[in-house]
Amino acid sequence: MLRRALAATLLGLASLSASAGVPARYSPTEIKPTGTPQRYEFDLTAAIERARRENKRLYLYLGAHDCAFCRKYEAFLEKNAAELAPHFAKEWIVYEMRSSLSVQADRLWFRLGDKALPYADFMRALGDERARQLVYPSVWLFDGQGKTLMQMPAGTGTFETVPEQLEILRLEQ
């Protein structure tokens, strides 16, 4: 009996981990990396084009399947979806990029059109001179032209209240 309960619990955890990510109520579109496992390159070209076409902003989320802080943020989004999802839907298109904690900055690349940049150069190109380490989860906000809308914090403790998340969506610094 105990063995059966343990097996059911482990199966439940495995399915939860496999389905983890931005909750479906936010209508996320996944950007899958190419070049794995040596290089995780996320092509943002279609996301920028879609935002331009639909006259919306981009909420780009980078999470890792094995990141406890990512699960915490995703659980926050799920718990508060009734209140937050309508605000996201009004002006934002949510894109999700999945990685792993083992993928460090030197293996993480971002593509816009014909130009691919490693993480550090991507951050500098966005005007982020903090030269911070790669931290999961990370969020970037863009307009439909690919212009950065706000410098974002990253990692644990990020946007963990509804008012904080709404301030981000309203671009209040």
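Since this is a predicted model, take the numbers as computed values, not measurements.

**Student:** How would you explain the packing of helix α3 (residues 68–79) against helix α4 (residues 81–91) if you had to name every residue and give the values?
**Tutor:** Axis separation between α3 and α4 bottoms out at 6 Å; the angle between their running directions is 95°. Comparing their axes, α4 and α3 come out roughly perpendicular. For the pair α3 and α4, contact is made by Phe-76, Leu-77, Glu-78 and Lys-79 and by Ala-81, Leu-84 and Phe-88, respectively. Here the residues of the contact of α3 with α4 are counted per class, giving five nonpolar, no polar and two charged.

**Student:** Can you lay out the nonpolar core for me, pointing to particular residues and giving the numbers?
**Tutor:** Ranked by size, the top nonpolar core spans 50 residues in total, and within it Tyr-59 and Trp-140 carry the most contacts. Ranked by the residues each element gives to this core, the list is headed by strand β3 (residues 57–64), at six residues.

**Student:** Requested: an account of the confidence of the model for the protein chain, with residues and values cited.
**Tutor:** The share of residues in the protein chain with pLDDT of 70 or more is 84%, and the mean pLDDT across the chain is 85. Taken element by element, the predicted model of the protein chain shows its lowest mean pLDDT in helix α1 (residues 2–19) (39) and its highest in strand β2 (residues 40–43) (98). Between residues 1–18, whose pLDDT stays under 50, and residues either more than four places distant or in other chains, the model counts zero contacts.

**Student:** Now, about the pattern of salt bridges: what can you tell me, with residues and values included?
**Tutor:** Under the definition given, this model contains 11 salt bridges. Glu-74 is the salt-bridge partner of Arg-71, the closest N and O atoms lying 2.9 Å from each other. One end of the pair, Arg-71, and the other, Glu-74, are both in helix α3, three residues apart, so they sit about a helical turn from each other. Given the relative accessible area of 23%, Arg-71 is considered partly exposed. Overall, the relative accessible area of 3% leaves Glu-74 in the buried class. Each of Arg-71, Glu-74, Glu-96 and Arg-98 takes part in salt bridges that share partners, so that together they form one network.

**Student:** Give a detailed account of helix α6 (residues 162–169), specifying residues and quantitative values.
**Tutor:** Along α6, the residues that are buried comprise Val-162, Gln-165, Leu-166, Ile-168 and Leu-169. Buried positions in α6, seen along its axis, are confined to an arc of 155° and lie on one side of it. Positive phi appears at Leu-171, one or two residues downstream of α6, with a value of about 60°.

**Student:** Before we move on, can you summarise the pairing of strand β4 (residues 92–99) with the specific residues and values?
**Tutor:** Of all eight residues that make up β4, eight are buried, and the element is covered over most of its length. Side chains of β4 alternate between two faces, with Trp-92, Val-94, Glu-96 and Arg-98 and Ile-93, Tyr-95, Met-97 and Ser-99 buried alike. Where strand β1 (residues 29–31) and β4 come together, three bridges link them in parallel fashion. Residue pairing in the sheet places Glu-30 in a bridge with Glu-96 of β4. Bridge analysis of β3 against β4 gives eight bridges, and the strand direction is parallel. By the bridge assignment, Leu-62 is partnered in β4 with Met-97.

**Student:** Break down the sheet that holds strand β5 (residues 108–112) for me, with residues and values.
**Tutor:** Across the sheet, which stays open at both edges, the three strands sit in the order β2-β5-β6 with mixed pairing between neighbours. Strand pairing shows two members of the sheet lacking a second neighbour, β2 and β6 (115–118), which therefore form its edges. In this sheet, neighbouring strand axes are inclined to one another by 25° on average, regardless of whether the strands run parallel or antiparallel. Two strands pair when backbone bridges link them, and β2 and β5 are joined in this way by four bridges, in the parallel orientation. The partner of Asp-43 across the bridge, within β5, is Arg-111.

Basis of the calculations
Per chain, residues are indexed from 1 in the order of the written sequence. Owing to the predicted nature of the model, reporting of local features is limited to residues with pLDDT of at least 70; listing and counting of side-chain atom pairs is limited to 80 or more, with chain, interface and lining totals taken over all residues. Each side-chain value is worked out from all heavy atoms of the structure, with water and hydrogens disregarded. For helices, the fitted line uses only the C-alpha atoms of the stretch in contact; every axis is such a line through C-alpha atoms, and the angle between N-to-C directions lies from 0 to 180 degrees. Comment: elements are numbered from the N terminus, with helices defined as DSSP H or I runs of at least four residues and strands as E runs of at least two. Here the word oblique covers every angle except those under 35 degrees (roughly parallel), over 145 (roughly antiparallel) and from 65 to 115 (roughly perpendicular). Whether two residues touch is decided by their heavy atoms; if any such pair falls within 4.5 Å, the residues are in contact. Put simply, Ala, Val, Leu, Ile, Met, Phe, Trp, Tyr, Cys and Pro go in the nonpolar bin, Asp, Glu, Lys and Arg in the charged bin, and everything else, Gly too, in the polar bin. Take the buried Ala, Val, Leu, Ile, Met, Phe, Trp, Tyr and Cys residues and link them wherever side-chain atoms come within 4.5 Å; each set so joined is a nonpolar core. The buried label goes to any residue with under 20% of its type's maximum accessible area, the exposed label to any with over 50%, and the partly exposed label to all in between, with areas taken from a 1.4 Å probe on protein chains only. Summary of the metric used: pLDDT quantifies the predictor's per-residue confidence within the range 0 to 100. For salt bridges, the criterion is a side-chain nitrogen of Lys or Arg within 4 Å of an Asp or Glu carboxyl oxygen. Think of the arc as the fan of directions from the helix axis to the C-beta atoms. Paired strands are those between which DSSP finds at least two bridges.

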